[in-house]
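# Architecture and fold: a report
Letter by letter, the chains look like this.
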Amino acid sequence: TAMTAIAASGTAMTAIAASGTAMTAIAASGTAMTAIAASGTAMTAIAASGTAMTAIAASGTAMTAIAASGTAMTAIAASGTAMTAIAASATALSKIIGNATARSKIENSATAKTAMKNSPRKTTWTRTNGGSWMETTIRNGKGFVAKIDEKGSGVSAGYVQCDGTNYPLNNNGGEQDICKFFTSKLLVRNFYNGSTVVYIPIS
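Please read these numbers as outputs of a predicted model, since none were measured by experiment.

About the criteria used
- Residues numbered from 1 in each chain as written.
- Predicted model: local features only at pLDDT ≥ 70, side-chain atom pairs only at ≥ 80, totals over all residues.
- Heavy atoms only, no water.
- Salt bridge = Lys/Arg side-chain N within 4 Å of Asp/Glu carboxyl O.
- Buried < 20%, exposed > 50% of the residue type's maximum accessible area, 1.4 Å probe, protein only.
- Helix = DSSP H or I, 4+ residues; strand = E, 2+ residues; numbered from the N terminus.
- Arc of directions from axis to C-beta.
- Contact = heavy atoms within 4.5 Å.
- Core = buried A, V, L, I, M, F, W, Y, C linked by side-chain atoms within 4.5 Å.
- Pairing = 2+ DSSP bridges.
- Axes fitted to C-alpha atoms, helices over the stretch in contact; angles between N-to-C directions.
- Parallel < 35°, antiparallel > 145°, perpendicular 65-115°, else oblique.
- Left-handed = near helix turned anticlockwise from the far one by under 90°.
- Nonpolar A, V, L, I, M, F, W, Y, C, P; charged D, E, K, R; others polar.

Evaluation of the coordinates by the stated rule reveals three salt bridges. With a closest N to O distance of 2.8 Å, Asp149 and Lys151 form a salt bridge. We classify Asp149 as buried; its relative accessible area is 14%.

Along helix H2 (residues 10-17), the residues that are buried comprise Met13, Ile16 and Ala17. Projected onto a plane normal to the axis of H2, the buried residues spread over an arc of 95° and lie on a single side. Among the exposed residues of H2, those pointing more than 90 degrees away from its buried face are Thr11, Thr14 and Ala15. Where H2 is buried, its residues touch helix H1 (2-7), helix H3 (20-27), helix H4 (30-37), helix H5 (40-47) and helix H6 (50-57).

In terms of nonpolar packing, the biggest core is built from 54 residues, with Ile36, Ile46 and Ile56 touching the most fellow members. Apart from residues lying up to four places away in sequence, Ile46 is in contact with Met13, Ala17, Met23, Ile36, Ala52, Met53 and Ile56. If you look at the next biggest cluster of nonpolar residues, it comprises 14 residues, including Val155, Cys162, Phe182 and Val188.

Before going further, it helps to spend a moment on the sheet that holds strand E7 (residues 185-190). Whether parallel or antiparallel, the strands of a sheet pair through hydrogen bonds between backbone atoms. If you trace the four strands from one edge of the open sheet to the other, you get E2-E7-E4-E5, paired in antiparallel fashion. Of all the strands in the sheet, just strand E2 (134-140) and strand E5 (165-168) have a single pairing partner and so form its edges. Along the sheet, successive strands turn relative to each other by an average axial angle of 20°, direction set aside. Pairing of E2 with E7 involves six bridges; the strand directions are antiparallel. Bridged to Arg139 within E7 is Leu186.

A separate point is the packing of H5 against helix H8 (residues 70-77). Two elements in contact, H5 and H8, have axes separated by 9 Å at closest approach and are oriented at 30°. Relative to H8, the element H5 is oriented roughly parallel. H5 and H8 meet at a crossing whose hand is right-handed. Across the interface between the two elements, Gly40, Met43, Thr44 and Ala47 of H5 pack against Thr71, Ala72, Ala75 and Ile76 of H8. For the contact of H5 with H8, a count of residues per class yields five nonpolar, three polar and no charged.

The following block contains the structure:
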């Protein structure tokens, strides 16, 4: 098809990615996005373009195609420009969290995790009744947990739990990256007052 040929051309895709008008039209087309998401050449051009990524991240149609494509998500996760747009978009995050491959690409990319930790959509849970071990459900639902900051040491018995999987706390406490998606529940077992967990709620 025409889109397959265009997607294979770095020159064409670089020009298209720079055009907000073109990208908005392409992002709304499932046929176009399927062809683009399957092309490493196309996705590299799009991932490098803030204009393109703004249009892509805002489109449910585009993000459904991208989240389902390992090729597309590899390019997205490796690009700070792309991931900044993704991390700021409720639409984009809602599509990514529904796909295990997409989640894995982000969890295994340092660039992607940095963008997620800096997302404007993040929120912070703070413990206000510390001084004993306590297990607290922070969110029933979906999201991405960025990090915990445990305000004391001797906490190796603590953990952040995502969908039943425990990620143990460093015994010395302090800031610790978790950078994991959860699809049903985020829970923490911790000790110290003022400790915080930073996470992104996703609908």
